[in-house]
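Close look at the chain arrangement
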Amino acid sequence: MTTYYKSYRKGMIKVAIAYPSSIRVALQSLSVHIIRKLLSEYPNVYADFVFIGNNGQSITRSLKDFDVVIFSVHYELDYPRILKMMEISGINPYSSQRGINDPLIVMGGPTLIANPEPMAPFADIILIGDAEVLIPKFMEHYMEYGKDIEEYVNLTGFYIPSLGKHIVSKAFVKDLSYSIKLIHDTAIELGLSNVKSVFSHSAILEVMRGCPRGCLFCMEGFIGRPVRYANINSIKNIVLRDANKDKKIINGVSLMGLSVTDHPGFKDLMDFLVNNLGLSVSVPSLRVDSLDEDTIKLIVRGGQKVLTIAPESSERLRRALGKGFSDDDIASIVISAMNAGIDHMKLYFMVGLPGETNDDVESIINLLLRLKRLGIKYSLSVNPWIPKPHTPLQWLPMASDDVINSRVKVLEDLRTYIEFSTYNILDAKIQALLSLGDRDVGDLVFEASLTGLDRGSWRRLLRKYENLLNKYVYSWKPLNSELPWSHIRIPGIEEQSLKVLLLRYLKEVNISISIN
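Our subject in this report is the structure included herewith. A quick note: this is a predicted structure, and the numbers were derived from the prediction, not measured.

Okay, the overall build of the protein chain next. Helix and strand content of the protein chain: 19 helices and 17 strands. At 23 Å, the protein chain has a C-alpha radius of gyration in line with the 24 Å of a compact globule built from 516 residues. Considering the protein chain as a whole, with its 516 residues, one finds that 60% of them fall into the buried category. Of all intrachain contacts in the protein chain linking residues separated by at least 6 positions in sequence, the fraction that spans at least 24 positions is 75%. Here the protein chain has roughly 20800 Å² of accessible surface; of this, 49% comes from carbon and sulfur atoms.

Listed below in structure tokens is the structure:
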């Protein structure tokens, strides 16, 4: 492994890797370090990080100092902060009003893959797909064509908003062999440099990309397609390389993926990491129907005492959403988990789902009371359902504040948990609007960037732009109309197949309203 830090020399292309948050938060994001590592492969490229200052009103370095600015974007509510970073640097946020002396503004990340339109007025190029493919392709073209953005339009995964909406297919890594090494090496280097990561261990192993399950609400599962599994032997070899050098390099392993237990080699990998190498292993949220006693025992043997599952809702809605496990299945897993040594569960639920009734909430209450009687301690997270692009539920409206707040309160008042959390309803509405909107939402993003981004400012803006909320968040979208993101094509996802899944859902939850 080699370091990817490089000193500036005259004549080098200067690239800013910008993250719209504070240093403390930004450096925990693996994405910015991976981008820097990819850029380090080019001898004539100098890359440096730019973050927001701790006061929220400054940045660590002016973006104007760079030829190219790459924004790594993971959260819709960060959109105004991107514009604020440009404004602080003396760069006009609107791409149409920037000149040749301004840096080229490039953006990418999962929320923009799903729907780039709210940020389309501000970006010169939006990257749709995996960084390992797109960053090298961008640099190669920049070295030849510079800021002549029309030269990028025919590249897979490159969206040029100033040329109008045009069909863009996601660019993706077909073989994860290089990617898993890139992520692992980057994480190890962070660990050695004492940069704190959001992951619990220094070694990070990406087991898979995408998800085979297709839960109807899950944007990450759909935009992550096609589903790709990492080769287990490749993973083992990477871990062995560092574990054999010096055990101190690896303090444990975090597995990364949307549904890691769906990997055909998951048990083999866990057995190798836990029993052969004696490493501690952290796993993300797991599907109930992918767990069995052997899997739970391996997880516990890997040192994990907390098991995270997402029942989401009642049995009825769970089945309609694509999660076919029952309350009995959940209770059985809880018993197996306690017997294996798990002492704490984390449970995630959604409220405000289309077709949800009071009976569904009552069903959740009965499940929580049942788990409490079994003697398991659990943290409870209850969050609003937020409609998202590229999912079968993208045509449906978000529930009202009153519905969401009343249902969150009922579950919070139950007091069966040791800890309770919920996602703020105001933030949920903003996220929904920035997820579902078209370019007209850019006006809201711009105005928000001129405020302190406190909740009072957001409330005033949502009152001013109530028409956009009603248009995008609280409306039933006609099935025969274009959606703001219809020009973004994800391999393996056709709008027609999403419509079929939607209609099946509506039938199962007894919604008969016509949305054609």
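The rest of the description comes next.
On to helix H14 (residues 401–412). The terminal C-alpha atoms of H14 lie 16 Å apart, and with twelve residues this matches the ideal 16 Å at 1.5 Å per residue to within 8%. Among the residues of H14, Ile 404, Arg 407, Val 408 and Leu 411 are the ones counted as buried. Each buried residue of H14 lies within a common arc of 100° when the element is viewed along its axis, so the set occupies one face. Here the buried face of H14 lies against strand E14 (344–351), helix H13 (358–374), strand E15 (378–384), strand E16 (419–421) and helix H15 (425–436).

A full pass over the atoms with the stated rule returns eight aromatic pairs. The interplanar angle of 70° and the centroid separation of 5.5 Å between the aromatic rings of Tyr 8 and Tyr 46 together place this pair among those described as edge-to-face. Of the two residues, Tyr 8 is situated in the segment before strand E1 (13–22) and Tyr 46 in strand E2 (residues 45–52); the sequence distance between them amounts to 38 residues. Ring centres 6.1 Å apart and planes at 25° place the aromatic pair Tyr 152 and Phe 158 in the stacked group.

Right, let's get into the pattern of salt bridges. Going through the model one piece at a time under the given rule, you end up with 31 salt bridges. Across the pair Asp 102 and Lys 64 runs a salt bridge whose closest N-O atoms are separated by 2.7 Å. Taken together, the residues Asp 102 in the loop between helix H3 (79–88) and strand E4 (104–108) and Lys 64 in the loop between E2 and strand E3 (68–72) connect sequence positions 38 residues apart. Taking the relative accessible area as the measure of exposure, Asp 102 reaches 12% and is therefore buried. Notably, a salt bridge pairs Lys 236 with Asp 268, separated by 3.2 Å at the nearest N-O pair. Taken as a pair, Lys 236 in helix H8 (residues 232–245) and Asp 268 in helix H9 (residues 266–276) lie far apart in primary sequence, 32 residues in all. We classify Lys 236 as buried; its relative accessible area is 15%. Among the residues examined, Asp 268 registers a relative accessible area of 37% and is labelled partly exposed. One salt-bridge network, held together by shared partners, links Asp 130, Glu 132, Glu 206, Arg 209 and Arg 228.

Turning our attention to the sheet that holds E2. Pairing in this open sheet of six strands is mixed, and the strands run E2-E1-E3-E4-E5-E6 from one edge to the other. On the outer flanks of this sheet lie E2 and strand E6 (158–159), each paired with one strand and no other. Bridging between E4 and strand E5 (residues 125–127) involves three bridges; their strand directions are parallel. Note that in E5 the partner of Val 106 across the bridge is Ile 125. Relative to E1, helix H5 (residues 131–145) is tilted by about 140°, and along the sheet it contacts E1, E2, E3, E4, E5 and E6.

For Leu 30, the position within the fold is in helix H2 (residues 30–39). Residue classification places Leu 30 among the buried residues on the basis of a relative accessible area of 10%. Separated by 153 residues in sequence, Leu 30 and Ile 183 have C-alpha atoms that sit 7.9 Å apart.

One broad rule of soluble globular proteins: the nonpolar side chains tend to lie buried together. Of all hydrophobic cores here, the largest spans 146 residues; its most connected members are Leu 63, Phe 71 and Leu 255. For this core, the element with the highest residue contribution is H15, accounting for eight residues. The contacts of Phe 71, once residues within four sequence positions are left out, are Ala 18, Leu 63, Ile 82, Met 85, Met 86, Ile 105, Val 106, Met 107 and Gly 108. Formed by 38 residues, the second largest nonpolar core is a distinct cluster that contains Tyr 19, Ala 26, Val 32 and Leu 39.

This next bit is on H9. Those residues of H9 not exposed but buried are Phe 266, Leu 269, Met 270, Phe 272, Leu 273 and Val 274. Positive backbone phi, approximately 70°, marks Gly 278, located one or two places after H9.

Definitions and cut-offs
- Residues numbered from 1 in each chain as written.
- Predicted model: local features only at pLDDT ≥ 70, side-chain atom pairs only at ≥ 80, totals over all residues.
- Heavy atoms only, no water.
- Helix = DSSP H or I, 4+ residues; strand = E, 2+ residues; numbered from the N terminus.
- Rg over C-alpha atoms; globule rule 2.2 N^0.38 Å.
- Buried < 20%, exposed > 50% of the residue type's maximum accessible area, 1.4 Å probe, protein only.
- Contact = heavy atoms within 4.5 Å.
- Areas by Shrake-Rupley, 256 points an atom, 1.4 Å probe, with all protein chains shown as cover.
- Expected span 1.5 Å × (residues − 1).
- Arc of directions from axis to C-beta.
- Phe/Tyr/Trp six-rings, centres within 6.5 Å; stacked < 30°, edge-to-face > 60°.
- Salt bridge = Lys/Arg side-chain N within 4 Å of Asp/Glu carboxyl O.
- Pairing = 2+ DSSP bridges.
- Axes fitted to C-alpha atoms, helices over the stretch in contact; angles between N-to-C directions.
- Core = buried A, V, L, I, M, F, W, Y, C linked by side-chain atoms within 4.5 Å.

The values reported here are purely geometric and, on their own, carry no functional implication.
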